[in-house]
Amino acid sequence: MLAPDSLVVHAGIGENEYLAVVPPIYQTSTFAFDCAEQGADLFAGKRDGYIYSRMGNPTVRALEDAVAALEGGHAGLACGSGMAAVHTALATLLSAGDHVICSESVYGPTCTLLETVLSRFGIESTIVDSSDLNAVQDAFRPNTTVVYIETPGNPTLAICDLEPLCKMAHERGAKVIVDNTFMTPILQQPFRWGADVVVHSLTKFLNGHADVVGGMVVVKDEDQYSLFRKSLNHLGGVLGPFDSFLVHRGIKTLSLRMQRHCESALKVATYLEQHPSVEWVRYPGLESHPQHEVAERQMAGGGGVISFELAGGIEAGRAMMNAVRLCGLAVSLGGVESLIQHPASMTHAIMGAEARHRAHITDGLVRVSVGIENPNDIIHDLDQAIAQSNSMSNTANAGEIHA
Ligand code: LCS
């Protein structure tokens, strides 16, 4: 069994005809049959092989094998986006009349998928603070079949203690889906703590280069795989061969990148925590994080994402975001470049003010995805941006006094 930093280099790299070190890209929609009988056998599942790229493709399969191996799972199913992976996981496990418990701090569209799309198909959901296991326990109903957890949650970085959570769900006959996007298997392996299904937005750290939108579902056994594969074949939201190739290439440096993201994010979070203009900072690697102890046990690092709020709230945050030079003002996260964004008006705007309030996503919360640039340059950029925000608010205050 290879160590994770070796596995990222070698996982999913099978053999090929010319012994190419990098597997070829099978940029094809369909595969010819030797004869009609062989085609019929492939469709009947009597022999292995490729038929049509929505149902499977060798380049996509290589990526699926790589992510499944890294997660310690049985098999992966590559999807056209992280949301396609979330949808595939939920639509495969749920039926009309079922109830889902979902973490309150999740990527905004995940929450709205449950509350505005799946609700139309007779699926009920309860949104809870999954860092509070008593709250999760109280949310169970006789028809609860799925518990959906994002940990650390986007964007509050609330952490759920997965082992007791999974035990609680299994005792009640429910399955646990964990969105492992923020951690990647390098920092957290949900199957180790009892999760049943892992989902990812490949768009983020796994690809790491901000040039692909993709997702992945990882399952634990062959029965689940066959169920999910049939479901994805019908739902149809698969990833293409070229995007799969790019993500697979990105994964080779995943271990190095995650190490750097964690080291730099801790430095940036520590800088922010001591800054007099910063009201609060949330980062799993800081001792001040409310679930720091769970993070130490369950995660091999704090990850690359930090949330914080300036003392001047939303106005100060906006002024700061408009003043950054190195950090990009953009949504998404997990790429090599640092990005900054405002969840209440951007990634989590779709949830509405009430749901954001429930999830502790304050209007002044600013989220930074710490890239792999020199951490001093990132800190310097945030420092000058906060200084500009302060000087703008001083000018405004002075204006008020003289007015
Ligand atoms: N899960 C998590 C934890 C995410 O952060 C996202 C996207 C998704 C799933 C969906 O993945 P996608 O379909 O975009 O590949 N998060 C985003 C964010 O925070 N900013 O922009 C996208």
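Residues numbered from 1 in each chain as written. Predicted model: local features only at pLDDT ≥ 70, side-chain atom pairs only at ≥ 80, totals over all residues. Heavy atoms only, no water.

Here's the deal with the pairing of strand β7 (residues 215-219)
Turning to step 1, where the next piece is worked out: Most of β7 sits inside the fold, with five of its five residues counted as buried.
Turning to step 2, where the next piece is worked out: Across the two faces of β7 the burial is the same, with G215, V217 and V219 and M216 and V218 all buried.
Turning to step 3, where the next piece is worked out: In this sheet, β7 lies alongside strand β1 (residues 75-79) in antiparallel orientation, the contact comprising five bridges. When the sheet's bridge partners are listed, G76 is paired in β7 with V218.
Turning to step 4, where the next piece is worked out: Of the strand pairs in this sheet, strand β6 (residues 197-201) and β7 are connected by five bridges, and their pairing is antiparallel. Note that in β7 the partner of V199 across the bridge is V217. (Buried < 20%, exposed > 50% of the residue type's maximum accessible area, 1.4 Å probe, protein only. Helix = DSSP H or I, 4+ residues; strand = E, 2+ residues; numbered from the N terminus. Pairing = 2+ DSSP bridges.)

A short note on the pairing of β6
For a regular strand, side-chain orientation follows a simple rule: the groups alternate between the two sheet faces.
Turning to step 1, where the next piece is worked out: A large share of β6 lies buried, amounting to five of its five residues.
Turning to step 2, where the next piece is worked out: By the alternation rule, side chains of β6 split into V197, V199 and S201 and V198 and H200, which are all buried.
Turning to step 3, where the next piece is worked out: Of the strand pairs in this sheet, strand β5 (residues 175-179) and β6 are connected by three bridges, and their pairing is parallel. Each bridged residue has a counterpart across the sheet, and for D179 the counterpart in β6 is V199.

Things to note about the packing of aromatic side chains
Turning to step 1, where the next piece is worked out: If you walk through the whole model with that rule in mind, you get three aromatic pairs.
Turning to step 2, where the next piece is worked out: Both rings, one in F33 and one in F43, keep their centres 6.4 Å apart while their planes meet at 75°; by these two values the pair is edge-to-face. Remark: F43 occurs in helix α2 (residues 36-43) and F33 occurs in the loop between α1 (4-10) and α2; sequence separation between them is 10 residues.
Turning to step 3, where the next piece is worked out: Classification of F43 as exposed rests on a relative accessible area of 55%.
Turning to step 4, where the next piece is worked out: It is R172 that lies over the ring of F140; its NZ or CZ is 5.1 Å from the centre. (Phe/Tyr/Trp six-rings, centres within 6.5 Å; stacked < 30°, edge-to-face > 60°. Lys NZ or Arg CZ within 6 Å of the ring centre and 35° of its normal.)

Things to note about the domain arrangement of the protein chain
Turning to step 1, where the next piece is worked out: As far as domains go, the protein chain holds domain 1 (4-251) and domain 2 (255-397).
Turning to step 2, where the next piece is worked out: Listed as interface residues are 42 residues of domain 1 and, on the opposing side, 40 residues of domain 2.
Turning to step 3, where the next piece is worked out: For domain 1, the biggest contributors to the area lost against domain 2 are I159, L187 and F205; these three give 22% of the whole.
Turning to step 4, where the next piece is worked out: Between the two partners, domain 1 and domain 2, sit two salt bridges.
Turning to step 5, where the next piece is worked out: With a closest N to O distance of 3.2 Å, D161 and R297 form a salt bridge.
Turning to step 6, where the next piece is worked out: For the side of domain 1 that touches domain 2, the secondary structure elements donating two or more residues are α1, α5 (108-117), α7 (162-171), α8 (184-187) and α10 (241-251).
Turning to step 7, where the next piece is worked out: It is α5 that contributes the most residues to the side of domain 1 that touches domain 2, five residues altogether.
Turning to step 8, where the next piece is worked out: Grouping the amino acids of the side of domain 1 that touches domain 2 by side-chain chemistry returns 22 nonpolar, 14 polar and six charged. (Domains from an automatic or database assignment. Contact = heavy atoms within 4.5 Å. Buried area = accessible area lost by both parts, 1.4 Å probe. Salt bridge = Lys/Arg side-chain N within 4 Å of Asp/Glu carboxyl O. Nonpolar A, V, L, I, M, F, W, Y, C, P; charged D, E, K, R; others polar.)

With respect to helix α9 (residues 222-235)
Turning to step 1, where the next piece is worked out: For α9, which comprises 14 residues, the first-to-last C-alpha distance of 20 Å matches the rise-based estimate of 20 Å (1.5 Å per residue) to within 8%.
Turning to step 2, where the next piece is worked out: If you check which residues of α9 are buried, you get Q224, Y225, F228, R229, S231, L232 and N233.
Turning to step 3, where the next piece is worked out: For α9, the secondary structure elements touched by its buried residues are α3 (58-71), β1, α4 (82-93), β5, β6 and β7.
Turning to step 4, where the next piece is worked out: With a side-chain oxygen lying 3.2 Å from the backbone nitrogen of D223, the N-terminal cap of α9 falls on D221.
Turning to step 5, where the next piece is worked out: Of the residues one or two after α9, G236 is the one with positive phi, at around 90°. (Expected span 1.5 Å × (residues − 1). Polar contact = N/O pair within 3.5 Å; in protein donor to acceptor, adjacent residues only side chain to side chain.)

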